[in-house]
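So you can see what is in the structure, the chains are spelled out below.
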There are 2 protein chains.
Amino acid sequence: MSKDNLKVCPIYNTFDLIGKKFTVLILRNMILYHHTRFNELLDSVEEINSKTLSLRLREMERDGLITRHVYPEMPLRVEYALTEKGKNLKPILEQMGEFSTRYCAINVFRDKKPRHFKQVLETAH
Amino acid sequence: MSKDNLKVCPIYNTFDLIGKKFTVLILRNMILYHHTRFNELLDSVEEINSKTLSLRLREMERDGLITRHVYPEMPLRVEYALTEKGKNLKPILEQMGEFSTRYCAINVFRDKKPRHFKQVLETAH
DNA sequence: CAGCATCCAGACTGATACTG
DNA sequence: CAGTATCAGTCTGGATGCTG
């Protein structure tokens, strides 16, 4: 591959997809905790409000990370699902979790002891 | 580990460190291309200006990701170096690169063909 | 070379209220 | 339940110019 083949830096391209405030938290809850509903995310994503959540979900849909399904019931039900592309962001989230649990233990854990992110996931459900 | 041991979400903690605009690009150039000088970064980080670069470098120093060394020469020489903590962000950058080179090839490459981030690095120097 | 100071424009976010 | 509308405030980033 010649360098000219590169249109945009791959790292920056990824940052464009997940770099806005709350996007990684929404993905965290969808990928790791399998949340699917609007109010479920509204309650579980720290500090987010409905306007911003709505905005982020539409951006993620536009970017092909999630899909939106409406079930015409009463009351209305809407479910958000990860696409294959969205699911493939999981390794990034895992590395982000791993970095903090290993190298920022002082900020992250009360007992200040480093550990693996996997161990946190197993007990945090 | 009990859940109460967790002070803050590890994923969000990492996002706080690298989520601001330009921070991952500065880290990319320091970690992958071994840039160390202010003007070197100013020229190589896409679209950044000196004020923002200065701000980001100070934030990264405050967060323990880099250190700043002043060499009292004429002209003045200042070098920025990664700390061990900063170097440990490399797997996150690699996963971010890998995601785009594999799943966003249409946006990233002129030939639109997916490949591994490692292959891009080998030829992009 | 390696920044800092100032000023400004625009993007982003939040609170509140309302709808089908 | 799942949002949208409006308004206001904050935060960020960018242009320009200056310093040791």
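Refer to the preceding data block for the structure.
**Q** Give a description of the overall build of chain A that names residues and reports values.
**A** On a plain count of helices and strands, chain A comes out with eight helices and two strands. Each of the three principal axes of chain A carries a C-alpha extent, and together these read 50 × 50 × 25 Å. Looking at the 125 residues of chain A, the share that counts as buried comes to 46%. In chain A, once contacts between residues fewer than 6 apart in sequence are set aside, the share between residues at least 24 apart is 37%. Accessible surface for chain A amounts to roughly 6,800 Å². Of this, 51% is attributable to carbon and sulfur atoms. Computing the positive centroid from 21 side-chain charges and the negative centroid from 16, chain A places the two 3 Å apart.

**Q** Can you tell me about the protein's contact with DNA strand C, naming the residues and giving the values?
**A** In the vicinity of DNA strand C there are 19 residues, among which Lys51(A), Arg56(A), Arg37(B), Ser54(B) and Tyr80(B) approach most closely. The sugar-phosphate backbone supplies 71% of the atoms of DNA strand C found within 4 Å of the protein. At 2.4 Å from a phosphate oxygen of DNA strand C is found a side-chain nitrogen or oxygen belonging to Arg37(B). In this structure, a phosphate oxygen belonging to DNA strand C sits 3.3 Å away from a main-chain N or O atom of Asn39(B). Counting only elements with at least two residues in the surface near DNA strand C, the list comes to α4 (50-62) of chain A together with α3 (38-44), α4 (50-62) and β2 (77-82) of chain B. A per-element tally of the surface near DNA strand C places α4(B) first, with four residues.

**Q** I'd like a description of the protein's contact with DNA strand D, backed by residues and values.
**A** In the vicinity of DNA strand D, 19 residues are found, and the nearest of them are Ser54(A), Arg68(A), Tyr80(A), Lys51(B) and Arg56(B). The sugar-phosphate share of atoms of DNA strand D within 4 Å of the protein amounts to 69%. A distance of 3.3 Å separates a phosphate oxygen of DNA strand D from a polar side-chain atom of Asn39(A). Here Lys20(B) contributes a side-chain N or O atom positioned 3.4 Å from a phosphate oxygen of DNA strand D. Looking at the surface near DNA strand D, the elements that each hand over two or more residues are α3 (38-44), α4 and β2 (77-82) of chain A together with α4 of chain B. Ranked by residue count, the leading element in the surface near DNA strand D is α4(A), at four residues. Residues belonging to the surface near DNA strand D are distributed by class as follows: six nonpolar, five polar and eight charged.

**Q** Residue-level account of the nonpolar core, with values.
**A** It is characteristic of soluble globular proteins that their nonpolar side chains tend to be buried jointly. Ranked by size, the top nonpolar core spans 74 residues in total, and within it Ile26(A) and Ile26(B) carry the most contacts. Sequence-distant contacts of Ile26(A), defined by excluding residues within four places in its chain, comprise Leu41(A), Val45(A), Ile48(A), Leu53(A), Arg56(A), Leu57(A) and Met60(A).

**Q** Got a sec to walk through the relation of the copies chain A and chain B? Specific residues and values, please.
**A** Of the two same-sequence chains, chain A is brought onto chain B (RMSD 0.0 Å, axial shift 0.0 Å) by a rotation of 180 degrees. Such values leave the two copies arranged in the relation of a two-fold axis. The residues that chain A uses at the interface reappear at the interface of chain B in 100% of cases, marking a shared surface.

**Q** Please give an account of the side chain of Asn5(A) that cites residues and values.
**A** For Asn5(A), the position within the fold is in the segment before α1 (10-18). Other than its neighbours up to four places away in sequence, Asn5(A) contacts Val108(B), Phe109(B), Arg110(B), Asp111(B) and Arg115(B).

Conventions and cut-offs
Residues numbered from 1 in each chain as written. Chains lettered and ligands numbered in written order. Predicted model: local features only at pLDDT ≥ 70, side-chain atom pairs only at ≥ 80, totals over all residues. Heavy atoms only, no water. Helix = DSSP H or I, 4+ residues; strand = E, 2+ residues; numbered from the N terminus. Buried < 20%, exposed > 50% of the residue type's maximum accessible area, 1.4 Å probe, protein only. Contact = heavy atoms within 4.5 Å. Areas by Shrake-Rupley, 256 points an atom, 1.4 Å probe, with all protein chains shown as cover. Lys, Arg positive; Asp, Glu negative; His and termini not counted. Charge placed at Lys NZ, Arg CZ, Asp CG, Glu CD. Near = heavy atom within 4 Å. Polar contact = N/O pair within 3.5 Å; in protein donor to acceptor, adjacent residues only side chain to side chain. Nonpolar A, V, L, I, M, F, W, Y, C, P; charged D, E, K, R; others polar. Core = buried A, V, L, I, M, F, W, Y, C linked by side-chain atoms within 4.5 Å. Least-squares fit on C-alpha atoms with pLDDT ≥ 70 in both.

Honestly, that's just the spatial picture; any functional story needs more than this.
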